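Observations on the three-dimensional arrangement
What follows is each chain in one-letter form.
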Amino acid sequence: MVEKDITEKEKENERKSINDIKKWVIVGAMITVLMASAMTYDRRASSSITLFFKDQNSSCHCPKVSQKYTGIIEDCCCDFETVDSINGEVLHPLLKELVTTPFFRYFKVKLGCHCPFWPEDGMCRLRDCSVCECPENEFPEPFKKNFHPALLSTDFMCQEGKSQASVDRTVDNGAFRGWVETDNPWTNDDETDNDDMTYVNLQINPERYTGYSGPSARRIWDAVYTENCPKYPAGEIFQEKKVLYKLISGLHSSISIHIGAEYLLHEVTNQWGENPELMNDRVLRYPDRVQNLYFTFLFVLRSVMKAANYLEHAEYNTDNNKEDMKSHSLVKQLVHNSKLQAACPLPFDEAKLWQGQSGPELKQTIQMQFKNISSLMDCVGCEKCRLWGKLQILGLGTALKILFSVDDKSNRSEPFQLHRNEVIALLNLLNRLSESVKLVHEKADMIENIVHTVEPASTKITIVNDCQELCQMVLADYETRKFLDVTLQLQMFRRRREGYII
Ligand SMILES: Cc1cc2nc3c(=O)[nH]c(=O)nc-3n(C[C@H](O)[C@H](O)[C@H](O)COP(=O)(O)OP(=O)(O)OC[C@H]3O[C@@H](n4cnc5c(N)ncnc54)[C@H](O)[C@@H]3O)c2cc1C
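Residues numbered from 1 in each chain as written. Predicted model: local features only at pLDDT ≥ 70, side-chain atom pairs only at ≥ 80, totals over all residues.

For the protein, the count of helices and strands is 16 helices and six strands. Within the protein, buried positions represent 37% of all 502 residues. Sequence-distant contacts, at least 24 apart, represent 82% of the contacts inside the protein between residues at least 6 apart. (Helix = DSSP H or I, 4+ residues; strand = E, 2+ residues; numbered from the N terminus. Buried ≥ 20, exposed ≤ 12 C-beta atoms within 10 Å, placed from the backbone. Contact = placed C-beta atoms within 7 Å.)

Below, the structure is given as structure tokens:
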């Protein structure tokens, strides 16, 4: 009797445990299904899962989450929101296309190192430091006029091993059709001197991570900031002194953003990708550096708008009619863009500068400082960094020349002229800045959270029935989702760097 009872009890317990297991399996399966469906609705939500039971085909139009940078950009006439929207919608797509056209992709530059301050120390450790050379047949015919045959390189060394990734180093000793040879008063290089000049295809030599760092790079930036454009003290009254510092700092931010956007994640496998940590550490966590990037973008944009008539009537000739017409058409679309003129008619007001009694003297000092910065580019110990450093400094020098030479009463007798290379530098610089502004706008909110390493909240499931409720949840959940996105990216980045993901 007792034995029978025990067996019955054991059987009963066994049935109970089987039922329990069955129950948990069903619950587990349900949770998996619910989570999977929630993930397909919002793949990023993992700590807080929202299930939306409204008709799945109808979409919700939730209000936009607020962006980090808002309001007027210091010393400019437009706000962050307008700049982000006009850049994303109009400027960036136009510029991105423009710089690929033959006219805008070949830049003439002196790449030899003639550092006037200290001997070049070649601190670059990557092949990506060097600029690629290319076969002559790639080059537009008008660019070849009067080239120096002795300087035509036949060495097709490409750092990426691609034959099409090439740079032509022929030297042009004559002016291009429709373009005069003029020197830029703001830069050190004499733009009319063709000795040792090299042509570089910018499209195959992108500005990105090169591995150039350490004392050599640091020395250049130190010399730029400490000797030539020190950070102005709070309350600085001379707007002009602020302008030079902000232009250089904005350019520095842009260079750093590009290094972070195209970074060598894994040297052995040559894997490239984003480095959000670098973007945050060097730029995003410093609001003034972000401000300065936007400032520089608006400053250069203003110069392009001011030179609209000149740029519209210039000749874009590479003997490739179709491509040249495209260059011309894109320039016109850019300089006469009605959306840009409506949204931000005066990106920067240059008329406010050089007004006081000390104006002319101040202009001379600042011009000299900018020339010094320009000569420092010859000391950059990495060829590719030197190429982009020189191009962007010439671009900034061209913007300064446009803004402060046009309508300059003392120079009225001389017609305003731009060198072809100046226009190429100016528009390539504007494109680089536009790209950096876009990257900052898209990634700032997300990346900044890398530094706030908080534990994600525990998983909870919420059921929502209508759009309004869902929108509220999306907004409330925004911070968590941002964190999760960035954490995931950061983890991936670290794992890649450590060689786990190839
Ligand atoms: C002209 C030039 C072009 C370069 N181009 C490239 C390139 O294409 N690819 C590449 O991989 N490397 C390039 N480099 C090197 C790169 O800029 C850095 O110097 C390098 O990556 C080392 O970075 P870092 O962390 O020491 O800080 P750095 O960027 O060298 O900064 C040095 C110091 O300047 C200050 N600083 C930094 N950013 C700003 C800012 N926005 N505004 C004001 N102050 C600031 C900070 O005090 C910082 O410690 C270039 C360097 C120069 C001088």
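Attention shifts here to the nonpolar core. In terms of nonpolar packing, the biggest core is built from 92 residues, with Val-83, Tyr-294, Leu-298, Val-300, Leu-427 and Leu-430 touching the most fellow members. Here this core gets 13 residues from one element, more than from any other, and that element is helix α14 (residues 420-448). With residues up to four places along the chain from it excluded, the contact list for Val-83 reads Ile-73, Cys-78, Tyr-294, Leu-298, Cys-344 and Val-437. (Core = buried A, V, L, I, M, F, W, Y, C linked by C-beta atoms within 7 Å.)

On to the UniProt feature "binding site: FAD" (unreviewed entry) in the protein, then. Within the UniProt annotation, "binding site: FAD" (unreviewed entry) is assigned to Arg-208, Thr-210, Trp-221, Ser-249, His-252 and Arg-282. With respect to the helices and strands, the residue Thr-210 is situated in the loop between β3 (197-201) and α5 (215-228). One can find Trp-221 in helix α5. (UniProt positions renumbered as here; feature names shortened; annotations may be inferred.)

By nearness alone, 22 residues border the ligand, and Ser-213, Ala-217, Ser-249, Cys-385 and Gly-389 come closest of all. Elements with a minimum of two residues in the shell around the ligand: α5, α6 (239-261) and α13 (383-405). In terms of residue count, α6 provides more of the shell around the ligand than any other element does, six residues in total. Broken down by class, the residue content of the shell around the ligand amounts to eleven nonpolar, seven polar and four charged. (Near = placed C-beta within 6 Å. Nonpolar A, V, L, I, M, F, W, Y, C, P; charged D, E, K, R; others polar.)

Interhelical geometry of α6 versus helix α8 (residues 287-306) gives an angle of 105° and a closest axis separation of 7 Å. With respect to their mutual orientation, α6 and α8 come out roughly perpendicular. Here Lys-246, Leu-247, Ser-249, Gly-250, Leu-251, Ser-253 and Ser-254 of α6 lie close against α8, whose contacting residues are Arg-289, Val-290, Asn-292, Leu-293, Phe-295, Thr-296 and Phe-299. Class assignment of the residues belonging to the contact of α6 with α8 gives a composition of six nonpolar, six polar and two charged. (Axes fitted to C-alpha atoms, helices over the stretch in contact; angles between N-to-C directions. Parallel < 35°, antiparallel > 145°, perpendicular 65-115°, else oblique.)

This next bit is on the UniProt feature "active site" (unreviewed entry) in the protein. UniProt's feature table lists "active site" (unreviewed entry) at Cys-382 and Cys-385, given in the numbering used throughout. Along the chain, Cys-385 turns up in helix α13.

What follows concerns unusual backbone geometry. For Asn-270, which is not a glycine, the phi torsion comes out positive at approximately 55°. Among the secondary structure elements, Asn-270 is positioned in the loop between β4 (263-266) and β5 (271-273). A count of 12 C-beta atoms within 10 Å places Asn-270 in the exposed class.

Counting buried residues in β3 gives five out of five residues, a clear majority hidden from the surface. Side chains of β3 alternate between two faces, with Met-197, Tyr-199 and Asn-201 and Thr-198 and Val-200 buried alike.

Another point: the environment of Glu-74. Residue position: Glu-74 is located in the loop between β1 (48-52) and α2 (80-98). A C-alpha to C-alpha distance of 9.1 Å links Glu-74 and Tyr-294, two positions 220 residues apart in sequence. Setting aside its immediate chain neighbours within four residues, Glu-74 contacts Gln-291 and Phe-295.

Before going further, it helps to spend a moment on the packing of α6 against helix α7 (residues 276-284). With their axes 8 Å apart at the nearest point, α6 and α7 run at an angle of 170° to one another. It follows that α6 is roughly antiparallel to α7 by the angle criterion. In this structure, α6 contributes Ser-253, Ser-256, Ile-257, Ile-259 and Gly-260 to the contact, and α7 contributes Leu-278, Met-279, Arg-282 and Val-283. Of the residues that constitute the contact of α6 with α7, the class distribution is five nonpolar, three polar and one charged.

By the bridge criterion, three bridges tie β4 to β5 in an arrangement that is antiparallel. Bridged to Leu-264 within β5 is Trp-272. Hairpin geometry of β4 and β5 is characterised by an intervening segment of four residues between the two adjacent antiparallel strands and by a positive phi of about 55° at Asn-270. (Pairing = 2+ DSSP bridges.)

Right, let's get into the confidence of the model for the protein. Residues of the protein with pLDDT of at least 70 account for 59%, and the chain-wide mean is 74. Ignoring residues within four places in sequence, the model shows residues 32-57, a span with pLDDT below 50, making 43 contacts including any to other chains. Here residues 146-178 is a poorly scored stretch, pLDDT under 50, and it has 81 contacts once near neighbours within four places are set aside; other chains count. In the predicted assembly, ipTM is 0.99 and pTM is 0.74. (pLDDT = per-residue confidence, 0-100.)

Let us look at the environment of Leu-247. Within the secondary structure, Leu-247 sits in helix α6. Between the alpha carbons of Leu-247 and Phe-297 there is a distance of 8.8 Å; along the sequence they are 50 residues apart. Not counting chain neighbours up to four residues away, the residues in contact with Leu-247 comprise Thr-296, Phe-299 and Leu-396.

Here helix α10 (residues 321-335) spans 21 Å end to end across 15 residues, near enough to the 21 Å set by a 1.5 Å rise per residue. Looking only at α10, the buried set comprises Ser-327, Leu-330, Val-331 and Leu-334. Projected down its long axis, α10 shows its buried positions confined to an angular sector of 100°, all on one face. Residues of α10 that are exposed and point over 90 degrees away from its buried face: Asn-321, Lys-322 and Met-325. Elements in contact with the buried residues of α10: α2, α3 (102-105) and α9 (308-313). (Expected span 1.5 Å × (residues − 1). Arc of directions from axis to C-beta.)

Time to look at the environment of Pro-287. With respect to the element layout, Pro-287 can be found in helix α8. Since 12 C-beta atoms lie within 10 Å of it, Pro-287 is described here as exposed. Between the C-alpha atom of Pro-287 and that of Trp-221, which follows or precedes it by 66 residues, the distance is 19 Å.

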